[in-house]
Amino acid sequence: FPTASYAVSKTILIPRLYDPSFKKNYNLTINGNNSNFVMINDVTLFESGYYDNGVLKSNLGTPLVTYNTFGVVLENFYITSKNGAWLLSPALKIQDWHQGCKLQRISSSVNATLLYSFGNFYCQFYMMSGSSSAGKTGERFIFESSHNLCKFDTLVAVDSAIGYWFKGELTACQ
């Protein structure tokens, strides 16, 4: 994205990248270049997805699969809302992200939940900041199901009711 402010009224789905051989050497970097995503509606900004007969759909809530996403990097942006409204929808929702996936340098002061992560392995979560001007409210980082071999570094949860919520197996993480 060129550096700018972007009005967002519906969820942006990020398609699955799957290559178990690691031979295709493709990656997807979504670099906000310090852009501001202004949420017009109370929806999730980015959510992981998959193609079903050519139609891109959310994979949240689908059974865990072996066709995992590899090599997606989501980085360098902040989230605000129209008129400073408090948002109940998680800003980011990811499922089945594995090797080479990173979420980094992302911040929001308007989302009750900055990240909802479900069943991710070998992911890196770096320099993510969620805060609230509405007092101690929201769950900033929710990690549900298994999270194995992930790296967590500088996840900031300011003025939250729950800063970090691990609801499932957490194994061999940094």
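Residues numbered from 1 in each chain as written. Predicted model: local features only at pLDDT ≥ 70, side-chain atom pairs only at ≥ 80, totals over all residues. Heavy atoms only, no water.

1. Things to note about the pairing of strand S10 (residues 124-130)
Moving on, step 1. Relative to S10, strand S8 (residues 102-108) runs parallel, the two being bridged by six bridges. Its bridge partner being in S10, leucine 103 is matched across the sheet by phenylalanine 125.
Moving on, step 2. Of the pairings in the sheet, the one linking S10 to strand S12 (residues 151-157) comprises six bridges and is parallel in character. Among the inter-strand pairings, phenylalanine 125 is bridged to a residue of S12, identified as phenylalanine 152. (Pairing = 2+ DSSP bridges. Helix = DSSP H or I, 4+ residues; strand = E, 2+ residues; numbered from the N terminus.)

2. Some details on the sheet that holds strand S1 (residues 5-8)
Moving on, step 1. Across the sheet, which stays open at both edges, the six strands sit in the order S1-S3-S6-S8-S10-S12 with parallel pairing between neighbours. A single partner strand is all that each edge strand has here, and the edge strands are S1 and S12. Neighbour-to-neighbour, the strand axes of the sheet open up by a mean angle of 20°, direction not taken into account.
Moving on, step 2. Relative to S8, strand S6 (residues 72-81) is paired through six bridges, and the arrangement is parallel. (Axes fitted to C-alpha atoms, helices over the stretch in contact; angles between N-to-C directions.)

3. Observations regarding a nonpolar patch on the surface
Moving on, step 1. Residues Tyr164, Phe166 and Leu170 make up a contiguous nonpolar surface patch of roughly 280 Å² in combined accessible area.
Moving on, step 2. Looking at the secondary structure, you find phenylalanine 166 in strand S13 (residues 162-167). (Patch = residues over 30% accessible without salt bridge, like charges linked within 9 Å, V, L, I, M, F, W, Y side chains within 5 Å. Areas by Shrake-Rupley, 256 points an atom, 1.4 Å probe, with all protein chains shown as cover. Salt bridge = Lys/Arg side-chain N within 4 Å of Asp/Glu carboxyl O.)

4. Describing the packing of aromatic side chains
Moving on, step 1. For the structure on display, the rule yields 13 aromatic pairs.
Moving on, step 2. Centre to centre, the rings of phenylalanine 125 and phenylalanine 152 are 5.4 Å apart; their planes meet at 10°, and the pair counts as stacked. Taken together, the positions of phenylalanine 125 in strand S10 and phenylalanine 152 in strand S12 put the pair 27 residues apart, joining distant regions of the chain.
Moving on, step 3. Between the aromatic rings of phenylalanine 143 and phenylalanine 152, the centroid separation amounts to 5.1 Å while the plane-to-plane angle is 80°, which identifies the pairing as edge-to-face.
Moving on, step 4. According to the relative accessible area criterion, phenylalanine 143 is buried, its value standing at 1%.
Moving on, step 5. Ring pairing ties together the aromatic residues Phe1, Tyr6, Phe37, Phe46 and Phe77, which thus form one cluster.
Moving on, step 6. A cation sits over an aromatic face here: lysine 167 above tryptophan 165, 4.1 Å from the ring centre. (Phe/Tyr/Trp six-rings, centres within 6.5 Å; stacked < 30°, edge-to-face > 60°. Buried < 20%, exposed > 50% of the residue type's maximum accessible area, 1.4 Å probe, protein only. Lys NZ or Arg CZ within 6 Å of the ring centre and 35° of its normal.)

5. Here's the deal with unusual backbone geometry
Moving on, step 1. Positive phi, close to 55°, is recorded for asparagine 53, a residue that is not glycine.
Moving on, step 2. With respect to the secondary-structure elements, asparagine 53 resides in the loop between strand S4 (46-52) and strand S5 (55-58).
Moving on, step 3. The backbone phi angle of alanine 172 is positive, close to 50°, even though this residue is not glycine.
Moving on, step 4. On the secondary structure map, alanine 172 appears in the segment after strand S14 (170-171).

6. Considerations on the environment of serine 58
Moving on, step 1. By secondary structure assignment, the location of serine 58 is in strand S5.
Moving on, step 2. Taking C-alpha positions, serine 58 is 9.5 Å from lysine 93, a pair spaced 35 residues apart along the chain.
Moving on, step 3. Non-local contacts of serine 58, meaning those with residues more than four positions away in its chain, are made with Leu13, Glu47, Ser48, Gly49 and Tyr50.
Moving on, step 4. Reaching out from serine 58, the side chain makes a polar contact with the side chain of glutamate 47 at a distance of 2.2 Å.
Moving on, step 5. A distance of 3.1 Å separates a polar atom in the side chain of serine 58 from the backbone nitrogen of leucine 60. (Contact = heavy atoms within 4.5 Å. Polar contact = N/O pair within 3.5 Å; in protein donor to acceptor, adjacent residues only side chain to side chain.)

It is worth stressing that arrangement in space is one thing and function is another; only the former is reported here.
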